[in-house]
Amino acid sequence: MKMIDQIIEYNKEFVANKGYEQYITDKYPDKKLAVLSCMDTRLTELLPAALGLKNGDAKIIKNAGGLVISPFDSAMRSLIVAIYELGVQQVMVVAHSSCGACHMSYDHFHHEMLARGVTDQTLNTIRQCGIDLNQWLEGFKDTPTSVRKTVATIKNHPLVPSDVEVRGFIIDSVTGQLEEIS
């Protein structure tokens, strides 16, 4: 049985046994907090546990690297919605140690894409549409600098009110210890 099919079977039992009851909350974050972090699997349970967050406390936004790569990307859009629609007053940018997005590059992905059947013609068509694949798939070289850049992008965004507090951190992927980056 494929993994998604196993998950669907588990879900049927979860709902039938009312496993959802302990997670019932509304859409508004109780702590008026949004956390932008990496999608790394090590953080799935570690991040909320290390921050003392339970279901309903915060909006947790995840992507590769925990980045805002442009002022109008999906992470920034989610933060704007969280601020104006859901009452978020504080934002934590939480990168982590040993991040796979560190040293990520288009050159690496290019070879992987070709190996999986994507053609250079397709990649050139994407470029002709105005997408800079080098920038879009570029990671970062230094985690503290990346955190500072993302924090600055959020703080200086023309749609983020000045009363929204934005701070940056690096979490240890093993212990969960936070280091504030200023």
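Look up: the structure comes first, before these words.
Residues numbered from 1 in each chain as written. Predicted model: local features only at pLDDT ≥ 70, side-chain atom pairs only at ≥ 80, totals over all residues. Heavy atoms only, no water.

A. Spatial organisation of the sheet that holds strand β4 (residues 165-171). A sheet is described by the order of its strands in space; here five strands give the open sequence β2-β1-β3-β4-β5, paired in mixed fashion. Each having just a single partner strand, β2 (58-63) and β5 (178-181) make up the two edges of the open sheet. Averaged over all pairs of adjacent strands, the angle between their axes in this sheet comes to 25 degrees, without regard to strand direction. With four bridges joining them, β4 and β5 adopt antiparallel strand pairing. Its bridge partner being in β5, Ile-170 is matched across the sheet by Glu-179. Packed onto the sheet, helix α2 (residues 43-51) meets β1 (33-38), β2, β3 (90-96), β4 and β5 and runs at close to 140 degrees relative to β1. (Pairing = 2+ DSSP bridges. Helix = DSSP H or I, 4+ residues; strand = E, 2+ residues; numbered from the N terminus. Axes fitted to C-alpha atoms, helices over the stretch in contact; angles between N-to-C directions. Contact = heavy atoms within 4.5 Å.)

B. Layout of the pattern of salt bridges. Tallying each qualifying case throughout the model produces seven salt bridges. Where Lys-27 meets Glu-85, a salt bridge forms, and the shortest distance between an N and an O atom there is 3.7 Å. Remark: Glu-85 occurs in helix α3 (residues 74-86) and Lys-27 occurs in the loop between α1 (3-16) and β1; sequence separation between them is 58 residues. The class of Lys-27 is partly exposed, set by a relative accessible area of 43%. (Salt bridge = Lys/Arg side-chain N within 4 Å of Asp/Glu carboxyl O. Buried < 20%, exposed > 50% of the residue type's maximum accessible area, 1.4 Å probe, protein only.)

C. Representation of the side chain of Ser-37. By secondary structure assignment, the location of Ser-37 is in strand β1. Look at Ser-37 and you get buried, because its relative accessible area is 0%. Here Ser-37 is in contact with Leu-43, Leu-47, Ile-61, Lys-62, Asn-63, Gly-66 and Val-94, once residues within four sequence places are set aside.

D. Representation of the packing of helix α4 (residues 106-115) against helix α5 (residues 120-128) in the model. At a minimum axis distance of 10 Å, the contact between α4 and α5 shows a crossing angle of 135 degrees. Considering the angle they form, α4 stands oblique to α5. Side by side, α4 and α5 meet where Tyr-106, His-110, Met-113 and Leu-114 of the first sit next to Asp-120, Leu-123 and Arg-127 of the second. Grouping the amino acids of the contact of α4 with α5 by side-chain chemistry returns four nonpolar, one polar and two charged. (Parallel < 35°, antiparallel > 145°, perpendicular 65-115°, else oblique. Nonpolar A, V, L, I, M, F, W, Y, C, P; charged D, E, K, R; others polar.)

E. Broad picture of the environment of Thr-143. When you line up the elements, Thr-143 lands in helix α7 (residues 143-155). Along the sequence, Thr-143 and Lys-54 sit 89 residues apart, while their C-alpha atoms lie 27 Å from each other. Discounting residues that sit within four places of it in the chain, Thr-143 has contacts with Ala-95, His-96, Cys-102 and Ile-170.

F. Seen up close, a nonpolar patch on the surface. On the surface, Ile-69, Ile-126, Ile-131 and Trp-136 cluster together to form a nonpolar patch covering roughly 370 Å² of accessible area. Within the secondary structure, Ile-69 is located in the loop between β2 and α3. Ile-69 gets classed as partly exposed once you look at its relative accessible area, which sits at 38%. (Patch = residues over 30% accessible without salt bridge, like charges linked within 9 Å, V, L, I, M, F, W, Y side chains within 5 Å. Areas by Shrake-Rupley, 256 points an atom, 1.4 Å probe, with all protein chains shown as cover.)

G. Quick look at the environment of Thr-25. Relative to the helices and strands, Thr-25 resides in the loop between α1 and β1. With 31 residues separating them in the primary sequence, Thr-25 and Gly-56 have C-alpha atoms 5.7 Å apart. Setting aside residues up to four positions removed in sequence, Thr-25 forms contacts with Asn-55 and Gly-56.

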